[in-house]
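A structural walkthrough
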Amino acid sequence: MRSKWLGLGLGILTLIGCNALWQGYLSPLDDVTDASINNSDLTGADLTGVPPADLTGADLTGVDLTGAPPVDMAMGKLCGFASAPSGTYRYAAYSTLQALTNYQAQKVAVVDVDNDGLAEVAVADLNSAAKILKLRYDTATSCSVNRIGTCDSTGPSWDIQGLTVSSTVGTFLIARNNNNNTAITTCSGATFTPKNITSTGFGSSCTIRDLTVPPAKTQINSQTNAVAIFHEKCKDPTGDRLTSLKFNPLDLSTVTTLPLSNITVNGNNFEPRWGNGARIDEGATDSTLDAIAFEVQGSTAGRLVFYNNNLSTSPAVIKATVPVTASVADSNDLTFARLTADTFDDAIAISRSTNQITPYHMTALNMVTVKSPIMIPSGSNDKSKIMFADLNNDGLDELIVVNGTNISLYGYNSTNNTLTGPQNLAVKPGYTAVSIALGYLEKGYSSSGPDIFVVSSASTNLNEVGVFRYVPMGVAP
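What counts and how
Residues numbered from 1 in each chain as written. Predicted model: local features only at pLDDT ≥ 70, side-chain atom pairs only at ≥ 80, totals over all residues. Heavy atoms only, no water. Helix = DSSP H or I, 4+ residues; strand = E, 2+ residues; numbered from the N terminus. Contact = heavy atoms within 4.5 Å. Areas by Shrake-Rupley, 256 points an atom, 1.4 Å probe, with all protein chains shown as cover. Disulfide = S-S within 2.5 Å. Core = buried A, V, L, I, M, F, W, Y, C linked by side-chain atoms within 4.5 Å. Buried < 20%, exposed > 50% of the residue type's maximum accessible area, 1.4 Å probe, protein only. Pairing = 2+ DSSP bridges. Axes fitted to C-alpha atoms, helices over the stretch in contact; angles between N-to-C directions. Phe/Tyr/Trp six-rings, centres within 6.5 Å; stacked < 30°, edge-to-face > 60°. Lys NZ or Arg CZ within 6 Å of the ring centre and 35° of its normal. Polar contact = N/O pair within 3.5 Å; in protein donor to acceptor, adjacent residues only side chain to side chain.

Brief notes about the overall build of the protein
- Within the protein, the secondary structure is distributed over 4 helices and 29 strands.
- In the protein, the proportion of contacts linking residues at least 24 apart, taken out of those at least 6 apart, comes to 54%.
- Carbon and sulfur atoms make up 52% of the accessible area of the protein, which amounts to about 19500 Å² in all.

As for the state of the cysteines
- Applying the stated criterion across every chain yields a total of 2 disulfides.
- The disulfide partner of Cys-79 is Cys-143, and the S-S distance across this bridge is 1.1 Å. Here Cys-143 lies in strand 5 (residues 142-151) and Cys-79 lies in the loop between helix 1 (2-16) and strand 1 (91-101), a separation of 64 residues in the sequence.
- The disulfide partner of Cys-206 is Cys-234, and the S-S distance across this bridge is 1.9 Å. Between Cys-206 and Cys-234, the S-S torsion sits near 75 degrees, and that sign places the bridge as right-handed. Separated by 28 residues along the polypeptide, Cys-206 in strand 10 (residues 206-212) and Cys-234 in strand 11 (residues 227-234) bring together distant segments of the chain.

Some details on the nonpolar core
- Core analysis: the largest hydrophobic core is formed by 31 residues, its most contacted members being Phe-294, Leu-304, Phe-306 and Tyr-360.
- Sorting elements by how many residues they give to this core places strand 15 (residues 290-297) first, with 5 residues.
- Residue contacts for Phe-306: discarding those within four places in its chain leaves Ile-280, Ala-291, Ile-292, Val-317, Ile-318, Lys-319, Ala-320, Asp-345, Ala-347, Tyr-360, Met-362 and Val-368.

Structural notes on the sheet that holds strand 9 (residues 193-197)
- On the basis of which strands lie adjacent, the open sheet formed by 4 strands has the order 6-7-8-9 and antiparallel pairing. What marks the edges here is a single partner per strand, and that holds for strand 6 (157-164) and strand 9. With direction set aside, neighbouring strand axes in the sheet form an average angle of 25 degrees.
- As defined by bridge partners, strand 8 (residues 184-188) adjoins strand 9 across 5 bridges and the pair is classed as antiparallel. Residue pairing for strand 9: Cys-187 is matched across the bridge by Pro-194.

Examining the packing of aromatic side chains
- Using the criterion set out here, one finds 4 aromatic pairs in the structure.
- A centroid spacing of 5.2 Å and a plane angle of 85 degrees characterise the contact between Tyr-91 and Tyr-470, whose relative ring orientation is edge-to-face. Separated by 379 residues along the polypeptide, Tyr-91 in strand 1 and Tyr-470 in strand 29 (residues 462-470) bring together distant segments of the chain. Assigned by exposure class, Tyr-91 and Tyr-470 land together as buried.
- Relative to Tyr-360, the ring of Phe-294 lies with its centre 6.4 Å away and its plane at 80 degrees, an arrangement referred to as edge-to-face. Taken together, the residues span a long stretch of sequence, with Phe-294 in strand 15 and Tyr-360 in strand 20 (residues 356-364) at a distance of 66 residues.
- Overall, the relative accessible area of 0% leaves Phe-294 in the buried class.
- Taking relative accessible area as the criterion, Tyr-360 reaches 5% and is therefore assigned buried.
- Taking the ring centre of Trp-274 as reference, the NZ or CZ of Lys-233 above it sits at 5.7 Å.
- Of note, Arg-303 hangs over the ring of Phe-270, and the distance from its end group to the ring centre comes to 3.9 Å.

Re the environment of Phe-81
- Topologically, Phe-81 is positioned in the loop between helix 1 and strand 1.
- With a relative accessible area of 15%, Phe-81 lands in the buried category.
- Residues Phe-81 and Arg-469, 388 residues apart in the sequence, show an inter-C-alpha distance of 7.3 Å.
- Contacts of Phe-81, omitting those with residues within four sequence positions, involve Ser-95, Thr-96, Leu-97, Leu-135, Cys-143, Ser-144, Val-145, Leu-441, Val-467 and Arg-469.

Let's talk about the sheet that holds strand 1
- Taken in spatial order, the 4 strands of this open sheet run 1-29-28-27, and their pairing is antiparallel. For this open sheet the edge positions go to strand 1 and strand 27 (432-439), each flanked by a neighbour on one side alone. Taking each pair of neighbouring strands and ignoring which way they run, the sheet shows an average axis angle of 25 degrees.
- Across 7 bridges, the pairing between strand 28 (residues 451-459) and strand 29 is antiparallel.

Overview of the side chain of Thr-182
- Among the secondary structure elements, Thr-182 is positioned in the loop between strand 7 (170-176) and strand 8.
- Thr-182 sits in the buried class, given a relative accessible area of 15%.
- Reaching out from Thr-182, the side chain makes a polar contact with the side chain of Arg-176 at a distance of 3.2 Å.
- Of note is the side chain of Thr-182, whose polar atom sits 3.4 Å from the side chain of Asn-177.
- Those residues in contact with Thr-182 that sit more than four places away from it in its chain are Arg-176, Asn-177, Asn-196 and Ile-197.

Structure (structure tokens):
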């Protein structure tokens, strides 16, 4: 018996000696410095009897130990949907999640609303009820998707986002209608029951409504403070608005609203034409989504403003401003990204008339550098078609953008303000990409890059939602 356990023990040590994660199991062998048994001291090691509990039932079949170990050694494979990595930031090939017959989806959002570790995916066509797709496990190594419900069944959806409210609560946020009684609908829980949010701080006659939620990585770590940013372009006397929303995780139908910027709050006639979330805190991060906005005073003066949202001060504390003309403020939308090696998010203006983006680097408090415009693929100048995320874990974000039949990934060089690439991910043959969202199909792989969810279209009546999986190092296909 001793000789059998010795042979088994040496075989396991040879297999896993290069993997630092297992070193905690090797305490009797104090000096194992590599995978060679010649460097192991077995003096006094008792390999008789039952094997250590930590290795009982360990199945290392198919586990790639040449790279970093997977986040959870119990999950050696991804949950279905194209798990073989490519050379494009380790993204797998495109996989269809759900066909959308006779539903011309324009936007997509992702969040785990029922806390089972698998994401739900919602799509909106901007005219009717948002549809929600539910993922479920078939076996331990594969998944399936089935559409089990709709949300916001009483009106059109103008914008849709997924928000992690706490470590156990997620919800879809849907901006809709143009009155303050049903400006926002939440959709969460296993039955996806819609709940309307009412606030006198919302507009009563708005033509555009946008929602901003924290980045995918921040959400998967539940570091959101349950805060989203809500922008309204309204025709009522208060004008356009930029509002902080803080959701109560115990009752998602209630929300604390804090006006960050509008004519009445500012008292100086600077009206926020376009607003978005951002992270601009100095020092320690407070996990609260801050805000950026283009604002206009009269017909000529304008500015880009960086606001710090402390959840109590209205108007929000201004950290930096950049003068712009009113025409610039009116003709550019906003998004944000971490483009430079500091603790501040940078603003990115998206031209609605040309295929260009203009970075505004915030390098320190009250210090913002305007960069030259950069060309992006044709037809991608919309926030639903442009995303930023750190795909290679260098602390800086890469650009992910809709590009015809591809999703194109670019690096950004902050020194010379240029894009590198692109590297392309092809959607389903015969389809054209419409919009994208970033999220995590499986929470168990949350330390890796985000998955890219895509709405694509082959014709007016034939659309679908699919995904490019990010394959972590050490995960077997």
